[in-house]
Amino acid sequence: MAGNIFGQLFRISTFGESHGKAIGVIIDGCPPNIEIDLNFIQGELDKRKPGQSKITTQRKESDTASILSGVFEGKSTGTPLALLIPNEDQRSKDYDHNKDIYRPSHADYTYQEKYGIRDYRGGGRSSARETAARVAAGAVAKLYLKQKGIEIFAHVSSAGTIDSPNLPLQDLSELLVIRESNIVRCADPATANEMIEMIDGVRKDGDTVGGKISCIIRNCPVGLGEPVFDKLHADLGKAMLSINAVHGFEYGSGFAGSEMKGSEHNDIFHIADGGKPISTSTNFSGGVQGGISNGMDITFRVAFKPVATIMHNQQTVDKSGNAAEIKGKGRHDPCVVPRAVAIVEAMAALVIADHYLRQAAYQ
């Protein structure tokens, strides 16, 4: 299986399956002398782990990460940094009923046709369990970016048809406190309560619902990104679309920008006192122009589909092409976005860290 490596200079390779012994990640290209704070890494994993609340899957995984290599006396050495996360609460029997049946909107059929074999226990490699390895790697990338003053913040900006208002331009640490004060991870408390009530109702009905996550990257320097195929927003888009259940990505004004006139959409430059830095009066470009960061906040949104496993009878077919019926069993999220906030931030950190190192190579 190809496609398990992400990044060029800050490069990760993940491994493991949902119901295997463990999942993990190897980071190749992590700069030396970074303080590797395992408590911070664990804190990021805790935001993604299952069993957090009534609106997430009840699978119980501590997602406790251990560092196998690449760290000495608390600092990265510049050699490959490996992290391992054991699987602790697999219930493979929950998937025996779909051993020979293709679940609607899952990867069962495509995996079987592509490889001629599939791990039906939770989807194996296609399971979102793999994203824990990404969060661990993203936490290391965040520790590197923290040295550069770069901040990344994401939150649940919509669930189903419930949308939060635009966030005020305030300290991201303040928004983080608000976000972590509610189980849906929305930075607007009133909207969060509506979302929680709606998601819990959907869960009780045996159904699922999608949502959106909005992300801000602040203090990113001018110059990150390449102007043709490796545009910064293109790499961010690839990173986000590689996350399980993601069906959409837009940055800056996004699709709404297509409804505006150029006179409305252009970000006008102005100069602060002293001539630097140059900034723009609006940010419809989302902090990226010509594929290169312009120093403004990088903003984007990620859309997640409803979780495919529902507790309703559905018509499908088996591997022999016969009509069949299936109903979800086991423990599943009614809405994935509360746990996906950490994944979005992690993938953003991996992209920015990689492009930061690529830009440093020019200099």
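None of these values were measured; they are calculated from a predicted model.

### Observations regarding the overall build of the protein
Within the protein one finds 8 helices and 18 strands. Taken over the C-alpha trace, the protein has a radius of gyration of 21 Å; the compact-globule value for 363 residues is 21 Å, and the two agree within 12%. Taken along its principal axes, the extent of the C-alpha atoms in the protein is 70 × 50 × 40 Å. When the 363 residues of the protein are sorted by exposure, 50% land in the buried category. Taking the intrachain contacts of the protein between residues at least 6 apart in sequence as the baseline, contacts between residues at least 24 apart amount to 70%. Here the protein displays about 16,900 Å² of accessible surface, and carbon together with sulfur accounts for 53% of that area.

### Considerations on the pattern of salt bridges
Following the criterion strictly, the structure yields 22 salt bridges and no others. In this structure, the salt-bridge partner of Glu130 is Arg134, at a minimum N-O distance of 3.0 Å. Arg134 carries the same exposure label as Glu130, and that label is buried. Linking Arg339 and Asp333 is a salt bridge whose minimum nitrogen-to-oxygen distance equals 2.6 Å. Like Asp333, Arg339 is buried. Residues joined in a network through salt bridges with shared partners are Glu44, Lys47, Lys142, Arg179, Glu180, Arg185 and Glu345.

### Looking at the packing of aromatic side chains
For any pair of aromatic rings, the description rests on two quantities: the centre-to-centre distance and the angle between the ring planes. Taken as a whole and assessed by the stated rule, the structure comprises 4 aromatic pairs. On the basis of an interplanar angle of 70° and a centroid distance of 5.4 Å, the ring pair of Tyr102 and Tyr109 is categorised as edge-to-face. Ring geometry for Tyr144 and Tyr356: centres 6.0 Å apart, planes at 90°, overall edge-to-face. One end of the pair, Tyr144, is in helix 3 (residues 131-147); the other, Tyr356, is in helix 8 (residues 337-362), and 212 residues separate them in sequence.

### Describing the sheet that holds strand 3 (residues 22-28)
Reading across the sheet, the 5 strands line up as 1-2-3-7-4 and stay open at both edges, with antiparallel pairing between neighbours. One side of each edge strand has no neighbouring strand; the edge strands of this open sheet are strand 1 (5-6) and strand 4 (66-69). Note: strand 1 against strand 2 (residues 11-16), 2 bridges, orientation antiparallel. The residue bridging Ile5 from the neighbouring strand is Ser13, located in strand 2. Of the strands in this sheet, strand 2, strand 3 and strand 7 (81-86) are in contact with helix 3, which crosses strand 3 at around 35°.

### Some words on the pairing of strand 10 (residues 211-218)
Judged by how many residues are buried, strand 10 sits mostly within the fold: 7 of 8 residues are covered. Sheet topology places strand 8 (residues 151-159) next to strand 10; 8 bridges connect them, and they run antiparallel. Residue Glu151 lies in a different strand from strand 10, and its bridge partner there is Arg218.

### A short note on the sheet that holds strand 11 (residues 246-251)
Taken in spatial order, the 5 strands of this open sheet run 9-8-10-16-11, and their pairing is antiparallel. The sheet is open, and its two edges are formed by strand 9 (162-163) and strand 11, each paired on a single side. The pairing of strand 8 with strand 9 spans 2 bridges and is antiparallel. When the sheet's bridge partners are listed, Ala159 is paired in strand 9 with Ile162. Its contacts with the sheet put helix 4 (residues 172-179) on strand 8 and strand 10, and the angle it makes with strand 8 is roughly 40°.

### Points about the nonpolar core
Formed by 76 residues in total, the largest nonpolar core has its most connected members in Phe10, Ile217, Met240, Phe300, Phe304 and Val344. Among the elements that make up this core, the one with the highest residue count is helix 8 (15 residues). Once you skip the residues sitting within four places of it in the chain, Met240 turns out to touch Val246, Phe249, Phe300, Val302, Val344, Met347 and Ala348. Core analysis: the second largest hydrophobic core is formed by 5 residues, Phe153, Leu172, Ala187 and Ile216 among them.

### Regarding the layout of surface pockets
Taken as a whole, the second largest pocket holds about 710 Å³ of empty space. Elements represented by at least two residues in the lining of the second largest pocket include exactly strand 8, strand 10 and strand 16 (298-304). Top element by residues in the lining of the second largest pocket is strand 8. It accounts for 5 residues. Classifying every residue of the lining of the second largest pocket gives 12 nonpolar, 10 polar and 4 charged.

### Concerning empty space enclosed by the protein
Rolled over the atoms, a probe sized like a water molecule indicates the empty space that remains. With the rule as written, the count across this model stands at 2 cavities of 30 Å³ or more. Considering only enclosed or pocket space, the second largest cavity measures out at about 40 Å³ in volume. Lining the second largest cavity are Ala107, Asp108, Tyr111, Arg118, Asp119, Gly123 and Ser126. Within the lining of the second largest cavity, the residues separate by chemical class into 2 nonpolar, 2 polar and 3 charged.

### Brief notes about helix 4
What helix 4 keeps buried is the set Leu172, Leu175 and Arg179. All buried residues of helix 4 lie within an arc of 55° about the axis, which places them on one face of the element. Turning to helix 4, the residues buried within the fold contact helix 1 (38-48), strand 8, strand 10 and helix 8.

### So, the packing of helix 1 against helix 8
Relative to each other, helix 1 and helix 8 sit at 140°, their axes nearing to 6 Å. Comparing the axis directions of helix 1 and helix 8 gives the class oblique. The segment helix 1 lies against helix 8, with Glu44, Lys47 and Arg48 engaging Pro338, Arg339, Ala342, Ile343 and Glu345. In terms of residue class, the contact of helix 1 with helix 8 is made up of 3 nonpolar, no polar and 5 charged.

What counts as what
- Positions within a chain are numbered from 1, following the residues in the order the chain's sequence is written.
- With the structure being a predicted model, the display of local features is reserved for residues of pLDDT at least 70 and the display and counting of side-chain atom pairs for 80 or more, all residues being used for whole-chain, interface and lining totals.
- Calculation of side-chain values draws on the structure's entire complement of heavy atoms; hydrogens and water are dropped beforehand.
- Under the DSSP-based scheme used, a helix requires at least four consecutive residues in state H or I and a strand at least two consecutive residues in state E, with every element numbered from the N terminus.
- Taken over C-alpha atoms, the radius of gyration is set against a globule rule of 2.2 Å times the number of residues to the power 0.38.
- Type-normalised accessible area, obtained with a 1.4 Å probe on protein chains alone, sets the label of each residue: buried when under 20%, exposed when over 50%, and partly exposed for intermediate values.
- Any two residues whose heavy atoms approach within 4.5 Å at even a single point are treated as in contact.
- Computed with the Shrake-Rupley method and a 1.4 Å probe, the accessible areas treat only the protein chains shown as cover for residues.
- Throughout this description, the term salt bridge denotes a Lys or Arg side-chain nitrogen within 4 Å of a carboxyl oxygen of Asp or Glu.
- Two rings from Phe, Tyr or Trp (for Trp, the six-membered ring) form a pair when their centres sit within 6.5 Å of each other. Planes less than 30 degrees apart are called stacked, planes more than 60 degrees apart edge-to-face, and all others tilted.
- When DSSP finds at least two bridges between two strands, those strands are taken to pair.
- An axis is simply a line fitted to the C-alpha atoms; with a helix, the fit covers only the stretch in contact. Between two such axes, the angle follows the N-to-C directions and lies from 0 to 180 degrees.
- What is meant by a nonpolar core is a set of buried Ala, Val, Leu, Ile, Met, Phe, Trp, Tyr and Cys residues, joined one to another through side-chain atoms within 4.5 Å.
- In the cavity and pocket records, a cavity denotes points on a 1 Å grid over the protein atoms alone where a 1.4 Å probe fits but cannot get out, a pocket denotes an open set with protein on both sides within 12 Å along at least 5 of 7 lines, and lining residues are residues with an atom within 4 Å of a point.
- Grid points are joined across faces, edges and corners, and a volume is the space filled by probe spheres set on the points.
- Three classes are used: nonpolar for Ala, Val, Leu, Ile, Met, Phe, Trp, Tyr, Cys and Pro, charged for Asp, Glu, Lys and Arg, and polar for all others, with Gly counted as polar.
- Our arc is simply the arc of the directions from the helix axis toward the C-beta atoms.
- We call two directions roughly parallel when the angle between them is under 35 degrees, roughly antiparallel when it is over 145, roughly perpendicular when it lies between 65 and 115, and oblique otherwise.

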